[in-house]
Amino acid sequence: MKKNIIPFDRLKVSLDGKITILIISSVLLLTIQHYRRLTPWFSMDLVVFCLIAPLIIILVFWRENPASYGLRLGNWRLGLLFTLGGIVLMTPILWIVARTGSFRSYYGHSTLSWGWLLLDNAVHLFSWEFFFRGYLLFGLAQRYGDNAIFLQAVPFAVAHFGKPETETISTIFGGAAFGYVAIKTDSMLYPFLIHWYIQVLTIALAAGMIGAT
């Protein structure tokens, strides 16, 4: 019996079609999330647009395992090394930068308690990281390989428009670094942990919750 072999050109079209859906859906979700509010809690909106919606596409339309998009533990030993390295590297930088005028102006009005600061940013950034370092990164990597590290960093930087200029410019490189960590560990969890630490420390310093002068 002759095996039913799909020609290579049909496989390529199928993959290109998937990448097209990936790009269009990502732009639409980011745009709608920017202009619309579904709930009074911004972080919950991110759960809907950046976590649930991509998961529906992966599970229902593509019928794939979300683990293939970084939603797994991956190489946890390497991941912990990257996480600790990120903390050590970013702490002294943030100690200086987060207390400058532009950061105080943007982040310094936070009145959240430590508990809510940690929870809100955990919900916010887990959804955010799955979108960029899960859905986008691992989806694009199926077509573009390691170049996806830089491709996903572009919309990530654009999504920071309106934040302090220094932060927005740094996200071009930071987004690529997060993508590198995700690819090397085969997981979006470790970029999430690093990003969570950076965000919480930035807000805490800018708002005078620690290191007040």
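Every chain is numbered independently, its residues counted from 1 as its sequence is written. Where totals are concerned, whole chains, interfaces and linings use all residues; where local detail is concerned, this predicted model gives features only for residues with pLDDT of at least 70, and gives and counts side-chain atom pairs only at 80 or more. The side-chain figures draw on all heavy atoms in the structure; neither hydrogens nor water molecules are used.

**Concerning a nonpolar patch on the surface**
Put simply, the rule is: Like-charged residues are merged into a patch within 9 Å and nonpolar side chains (Val, Leu, Ile, Met, Phe, Trp, Tyr) within 5 Å, provided each residue has over 30% relative accessible area and no salt bridge. Only the protein chains shown count as cover for residues, and the accessible areas themselves come from Shrake-Rupley with a 1.4 Å probe. We define a salt bridge as a side-chain nitrogen of Lys or Arg found within 4 Å of a carboxyl oxygen belonging to Asp or Glu. Secondary structure elements are defined from DSSP: runs of H or I of at least 4 residues count as helices, runs of E of at least 2 residues count as strands, and each element is numbered from the N terminus.
Where nonpolar side chains cluster on the molecular surface, the patch consists of Ile52, Ile56, Leu59, Val60 and Phe61 and spans about 490 Å² of accessible area. The topology assignment puts Leu59 in helix H2 (residues 42-61).

**Some thoughts on the packing of aromatic side chains**
Which entries qualify depends on this criterion: Here is the rule: rings of Phe, Tyr and Trp (six-membered ring for Trp) pair when centre to centre is within 6.5 Å. Planes less than 30 degrees apart are stacked, more than 60 are edge-to-face, and the remainder are tilted. To sort residues, take the accessible area from a 1.4 Å probe on protein chains only and compare it with the maximum for the residue type: under 20% means buried, over 50% means exposed, and anything in between is partly exposed.
Taken as a whole, this structure holds 13 aromatic pairs when the rule is applied. Plain terms: the ring middles of Phe103 and Tyr107 are 6.1 Å apart, the flat faces sit at 25 degrees to each other, and that makes the pair stacked. With a gap of four residues between them, Phe103 and Tyr107 both fall in helix H4 (residues 101-107), about one helical turn apart. By relative accessible area, Phe103 is classed as buried at 5%. Centre to centre, the rings of Phe192 and Trp196 are 5.6 Å apart; their planes meet at 10 degrees, and the pair counts as stacked. Of this pair, Phe192 and Trp196 both sit in helix H9 (residues 189-206), four residues apart, roughly one helical turn. Phe192 sits in the buried class, given a relative accessible area of 9%. Within the aromatic cluster, the residues linked to one another by ring pairs are Trp62, Tyr69, Trp128, Phe131, Phe132, Tyr135, Phe156 and Phe178.

**A closer look at the nonpolar core**
As a reminder of what qualifies: Here the nonpolar core consists of buried residues drawn from Ala, Val, Leu, Ile, Met, Phe, Trp, Tyr and Cys, with membership extended through side-chain atoms lying within 4.5 Å.
If you look at the biggest cluster of nonpolar residues, it comprises 42 residues, and the most contacted ones within it are Leu22, Trp62, Trp128, Phe130, Phe131, Phe132 and Tyr135. Counting only elements with at least two residues in this core, the list comes to helix H1 (8-35), H2, helix H5 (114-144), helix H6 (148-151), helix H7 (153-158), helix H8 (165-185) and H9. Ranked by residue count, the leading element in this core is H5, at twelve residues. Counting residues in hydrophobic clusters, the runner-up holds seven residues, among them Tyr107, Val200, Ile203 and Ala204.

**What about the packing of H8 against H9?**
Relative placement of two packed helices is described by the angle separating their axes and the distance separating the axes. For the record, the criterion: The axes are straight lines fitted to the C-alpha atoms, using for helices just the contacting stretch, and the angles between their N-to-C directions are given from 0 to 180°. Note on contacts: a residue pair is in contact if any heavy atoms of the two residues lie within 4.5 Å. Gly falls in the polar group here, along with every residue not listed as nonpolar (Ala, Val, Leu, Ile, Met, Phe, Trp, Tyr, Cys, Pro) or charged (Asp, Glu, Lys, Arg).
Running from N to C, H8 and H9 cross one another at 145 degrees; their axes reach a closest spacing of 8 Å. Touching Phe178, Val181, Ala182 and Thr185 of H8 are Tyr190, Pro191, Ile194, His195 and Ile198, all from H9. Grouping the constituent residues of the contact of H8 with H9 by class yields seven nonpolar, two polar and no charged.

**A word on the pattern of salt bridges**
This structure, assessed with the given rule, holds five salt bridges. Here Lys18 makes a salt bridge to Glu64, at a shortest N to O gap of 2.4 Å. You can see Lys18 sitting in helix H1 and its partner Glu64 sitting in the loop between H2 and helix H3 (76-97), a full 46 residues away along the chain. When its relative accessible area of 24% is taken as the criterion, Glu64 is described as partly exposed. Across the salt bridge formed by Glu129 and Arg133, the nearest N and O atoms sit 2.6 Å from each other. Taken together, the positions of Glu129 and Arg133, both in helix H5 and four residues apart, correspond to about one turn of that helix. Arg133 carries the same exposure label as Glu129, and that label is buried.

**Quick look at the confidence of the model for the chain**
Here is the rule we go by: What pLDDT reports is the predictor's confidence in each residue, on a scale of 0 through 100.
For the chain, the average pLDDT comes to 92, and 92% of its residues sit at 70 or higher. A low-confidence stretch, residues 5-13 stays under pLDDT 50, and its non-local contacts, those more than four residues away or across chains, total two contacts.

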